[in-house]
Amino acid sequence: MFVGRYAERARVDELIARAASGQGGALALRGEAGIGKSALLEHVVANAAGEVLRARGAEAETRLPFATLHELLRPLASSVDRLPAPQAAALNAALAIAPADGTSRLAVYAATLTLLASAAADRAVICIVDDAHWVDEASAGALGFVARRLEHDAVALLVSGREVGPALAGLEAVELGGLGVDEARALLAARRPSLPPAAADVVVRAARGNPLALLEFATALDDGEGLPALDEPLAVGEEVQRTFARRAQRLSPESRRALLLAAAGEASGPDVIWAALEHEQVGSAAVREAQGDELLLAGNALQFCHPLARSAIYHSAPPAEVRTAHRTLARVTPDPIARAWHLAEAATSSDASVADALERAAAEARGRGGAAVEAGTLERSARLTADVEPRARRLVAAAAAAEAAGHAIRAERLLAEAAELSGDAVLRADAAARRSYLLFDRGDFDAALRIATEAADAARPALAARVLASSGIVHALAHRLDVTEARRIAERASWLADTDGDGDLDLAHMLAWTWELTGRTSDALELARAALPRVDPETVLAIDVAAHFVYLEDYGTAREAFQRIVGRLRRTSAFGNLAYALDHLANLNLRTGRTVLAYGYSTEAVQLMESIGVDVGVAASLARLALIEAVLGQSERAREHGARALEVAAARGDRWNEVRARAALGFEALTAGEYEPASTFLTPAVQMLADGGVHHPNAFRVHGDLVEALVRAGRRDEAAAELESFERDAEQSASPWARAVAARCGALLADDSACEAAFAAACEADGAGELERARTLLAYGERLRRLRRVREAREPLRGALESFERVAAARWAERARAELRATGARVPSAGRGAHEELTPQELQVALAVADGLTNKEVAARLFLSPKTIEFHLTRAYRKLGVRSRAELTRVLERSRTIEP
């Protein structure tokens, strides 16, 4: 009998009805143990039209990667091999269907989405996951990923739990409270009709609306047991657990052994538990006895009546009996991860053989993509390792797995413990260096600097150089914009290593980076060229080295390098590094006039970076996206993303990304003709760069915008002072872009008698790029018109308009158009570009299709279902007035062909 819950049922029924109509969604049911979440899910199952997939989180399964997902997707296993090959391989590995050397979590998540969406092509699919608080982390990540992408697929996801964990925290939630008094009485009358009214009143008051407590307390009264005191706060879950434990104590010893094996072996499944029962010569009569008392459900599944019953049996058993149960289960469990954990639970002290088994199990978890399980397994292996150095080595390995799982704080703690424990100088130095980098990555620059400095000071010269080059010290100093000190550290590392930087690739990058920022650009370019052929294209270092060529204006080399890097990272599903590479690829395309293409890459980078959740990376990618949106004329989005980037960067003391966020917001204000607000954003940015010793203007591109904002705001003296500094840095760094933009700024400040020659020189300057040259032509045409040389103004204004339209700089194009009209020229109305017609998601899909990808391939790249791709592509066709992929490619082709 199901009583009450009318509002909650309505919310759930609405979700199921939407799935039946082809619109997916997700919902979380939250509430204390026994409050009725499972009963509400059973109501869904009983009334659902469609395929129902079910799974239940289990405490013991949190140590098994993708355990809950395996249970949920088991009915669809025969369809896995019909997925795109990379997704099929990833999901088969994650679910231990096939062996694998390693797989990406995001690849597994995408495969899960594709599998569910495919199953929903013919009829609605309803996924029900109970006890979400015990879902293993890898499965929870997959479910959260899917839940955010179900809009256009007939899939309903329902999860329930006391809490749902961070991966599922964003789901729309329904909170279940206690039953009302009348509803509680109705439930008791239906389920315990023999209970006298007076006793029912006592039970209703004691249970406080919790349905499980109602029924268990009623059973306790029937058995002559008392109830908890009503004048004290009642922890219903604890009290119900004690009730279950008392019930178990009434059973025979053999039945209690059966219950304990079932409780300890829950993660291994019924086949393993039955094998353990047979091994211990526990007969089926013992199981039937527990089923007769309703602690176990009827049938062969050996499933407890409620998770609290399982917890009560397991935690109330004597420790020696628990260890015996785990030893038995280890003998009969085929899964290497489960077997190793059973052995660990049976251990009472350090045990080399068990520690070795756990290390092998961790390797298995890594192959399945279960980084969090790998980390926990390696840490437990370390705890059972008596010898100091192997223990430290396993802690370092656990830290690496924790980092891969996104648990930076845990990784940093493990590295600190390993460094303190070990006497191996190399291990201590490497652990300190990695710990420093992790601290930098999450924005704790002070700690990153301190740990790296202390480790380098304590190490011999060659090892000290290694610490300084591979730690977060130079990164932290650079992001604080203390570039002078960052260069000193990099050069100190080079001196300690007794090399000019061409031997150690990390060191070569650090030297090139700090030389580049401080204006020693030719030497930086030489180092970068020597390093590029030697770096592994799947590493962060490869991305950093390739980025040098963007800032040093060797765009051909940069494009070739990033195409190779991004292609490799897509094939290997290394999505953390891919996000970083896409951000730099977006920057390259922005600087070479491919603004729409840059927008697609930047949007993808932000989506990936936010799923990883590293503050420094999120701030960087948001600042880049804001700048691109400002160029495209998407002011509202640019301001929103720029403000978010500025907030994240400022909160972390990340002056590097604060400058970049200010650059984006200042450029947007300048584009809108808001010159004082533009200078308010840009002035502190330029000052931070000057204070920090940055003498390479092309690294941040803020100086020219500030000079222009000040000139147009009438603050010519301040503009002249800023231009003087800008010109010095442009000459020192020998940046063609900086020289060209400085020339424009000089022309803006020139008096009327000298402006024509100044603008002519600025227009002829090489290296500015299409957008900057168009801005120079616009400024020239504006000046000529104001000098009443109207006919002469038309030529530069037409050139500016054509260039602005080529790079999709919509608001700049409108300014050029307005100036042309003011000269009396006839100007056709502006057409709308693809980026203006389409939503960001539609544009991403359209650009991927224009790359020649099929819908399934686009879905795999963008982590969406094929049906969602079809939905966005159909809308893109309609908005752009095209009917085929070929026509779509032609419409978008212009955004791909511009070069500086």
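Remember, predicted model here, so these are calculated numbers, not experimental data.

(A) Expanded view of the overall build of the protein. For the protein, the helix and strand inventory stands at 47 helices and five strands. Radius of gyration (C-alpha) of the protein: 32 Å, near the 29 Å computed for a compact globule of 900 residues. Each of the three principal axes of the protein carries a C-alpha extent, and together these read 105 × 65 × 55 Å. Burial analysis of the protein (900 residues in total) assigns 57% to the buried set. Counting only contacts in the protein whose residues sit at least 6 apart along the sequence, the fraction spanning at least 24 positions is 68%. Accessible surface, the protein: about 35,700 Å² in total, of which carbon and sulfur atoms supply 49%. Between the centroid of the 107 positive side chains of the protein and the centroid of its 125 negative side chains there is a distance of 3 Å.

(B) Seen up close, the packing of aromatic side chains. Going through the model one piece at a time under the given rule, you end up with eight aromatic pairs. Aromatic pair Phe-667 and Trp-812: ring centres 6.1 Å apart, planes at 35°, arrangement tilted. Taken as a pair, Phe-667 in helix α34 (residues 655–671) and Trp-812 in helix α42 (residues 810–822) lie far apart in primary sequence, 145 residues in all. The burial state of Phe-667 is the same as that of Trp-812; both residues are buried. Taking the centre distance of 5.2 Å and the plane angle of 15° together, the rings of Phe-759 and Tyr-780 count as stacked. Highlighted residues: Phe-759 in helix α39 (residues 755–764) and Tyr-780 in helix α40 (residues 770–786), separated in sequence by 21 residues. Here Tyr-780 falls in the buried class, since its relative accessible area comes to 13%. Clustering of aromatic rings is evident, with ring pairs tying together Tyr-437, Phe-440 and Phe-445.

(C) Representation of the nonpolar core. The biggest cluster of nonpolar side chains holds 243 residues, and the ones touching the most others in it are Leu-91, Leu-158, Phe-700 and Phe-804. With ten residues, the single largest contributor to this core is helix α5 (residues 105–119). Those residues in contact with Phe-804 that lie beyond four places of it in its chain are Leu-771, Ala-774, Arg-775, Leu-778, Ala-809, Trp-812, Ala-813 and Ala-816. Formed by 50 residues, the second largest nonpolar core is a distinct cluster that contains Ala-33, Val-203, Ala-207 and Leu-259.

(D) Structural context of the sheet that holds strand β2 (residues 51–56). One open sheet accounts for five strands, arranged β2-β3-β4-β1-β5; its pairing is parallel. Two strands close off the open sheet at either side, each with one partner strand: β2 and β5 (173–175). Going across the sheet, the axis of each strand differs from the next one's by a mean of 15°, ignoring polarity. Here strand β1 (residues 25–30) pairs with β5 via three bridges, running parallel. Residue Arg-30 lies in a different strand from β5, and its bridge partner there is Glu-175.

(E) Just the confidence of the model for the protein, in detail. Looking at the protein as a whole, its pLDDT mean stands at 87, while 95% of the residues score no less than 70. Counting contacts from residues 229–234, a segment whose pLDDT is below 50, to residues more than four positions away or on other chains yields nine contacts. Considering only residues more than four positions removed or in separate chains, one finds that residues 896–900, a stretch of pLDDT under 50, has 18 contacts.

(F) Representation of the environment of Ala-382 within the structure. Here Ala-382 lies in helix α18 (residues 371–383). Along the backbone, Ala-382 and Glu-172 are 210 residues apart, and their C-alpha atoms lie at a distance of 40 Å. In this view, Ala-382 contacts Arg-391, Arg-394 and Leu-395; residues no more than four positions away in its chain are not counted.

(G) Representation of the packing of helix α35 (residues 675–692) against helix α36 (residues 703–712). Contact geometry of α35 with α36 gives a least axis separation of 9 Å together with a crossing angle of 140°. By the angle between their axes, α35 is oblique relative to α36. Read as a crossing pair, α35 and α36 show a hand that is left-handed. Within the contact between the two elements, α35 uses Tyr-675, Ala-678, Ser-679, Leu-682, Thr-683, Val-686 and Leu-689 and α36 uses His-703, Asp-705, Leu-706, Ala-709, Leu-710 and Arg-712. Its residues assigned to classes, the contact of α35 with α36 shows eight nonpolar, three polar and two charged.

(H) Here's a closer look at unusual backbone geometry. The phi angle at Asp-131 is positive, at roughly 55°, despite the residue not being glycine. Along the chain, Asp-131 turns up in the loop between β3 (125–130) and α6 (137–147).

(I) Here's a closer look at the environment of Leu-682. Inspection of the secondary structure puts Leu-682 in helix α35. A sequence separation of 297 residues divides Leu-682 from Thr-385, and the C-alpha atoms of the two residues are 56 Å apart. Beyond its immediate chain neighbours, meaning those up to four positions away, Leu-682 contacts Arg-662, Ala-663, Gly-666, Val-702, Asp-705 and Leu-706.

(J) Highlighting the pairing of β2. Side chains Glu-51, Leu-53 and Ala-55 project from β2 onto a buried face, and the interleaved Val-52, Arg-54 and Arg-56 project onto a face without burial. As judged from the six bridges shared by β2 and β3, these two strands associate in the parallel manner. Within β3, the position partnered with Ala-55 by the bridge is Val-129.

Rules and cut-offs
- Residues numbered from 1 in each chain as written.
- Predicted model: local features only at pLDDT ≥ 70, side-chain atom pairs only at ≥ 80, totals over all residues.
- Heavy atoms only, no water.
- Helix = DSSP H or I, 4+ residues; strand = E, 2+ residues; numbered from the N terminus.
- Rg over C-alpha atoms; globule rule 2.2 N^0.38 Å.
- Buried < 20%, exposed > 50% of the residue type's maximum accessible area, 1.4 Å probe, protein only.
- Contact = heavy atoms within 4.5 Å.
- Areas by Shrake-Rupley, 256 points an atom, 1.4 Å probe, with all protein chains shown as cover.
- Lys, Arg positive; Asp, Glu negative; His and termini not counted.
- Charge placed at Lys NZ, Arg CZ, Asp CG, Glu CD.
- Phe/Tyr/Trp six-rings, centres within 6.5 Å; stacked < 30°, edge-to-face > 60°.
- Core = buried A, V, L, I, M, F, W, Y, C linked by side-chain atoms within 4.5 Å.
- Pairing = 2+ DSSP bridges.
- Axes fitted to C-alpha atoms, helices over the stretch in contact; angles between N-to-C directions.
- pLDDT = per-residue confidence, 0-100.
- Parallel < 35°, antiparallel > 145°, perpendicular 65-115°, else oblique.
- Left-handed = near helix turned anticlockwise from the far one by under 90°.
- Nonpolar A, V, L, I, M, F, W, Y, C, P; charged D, E, K, R; others polar.

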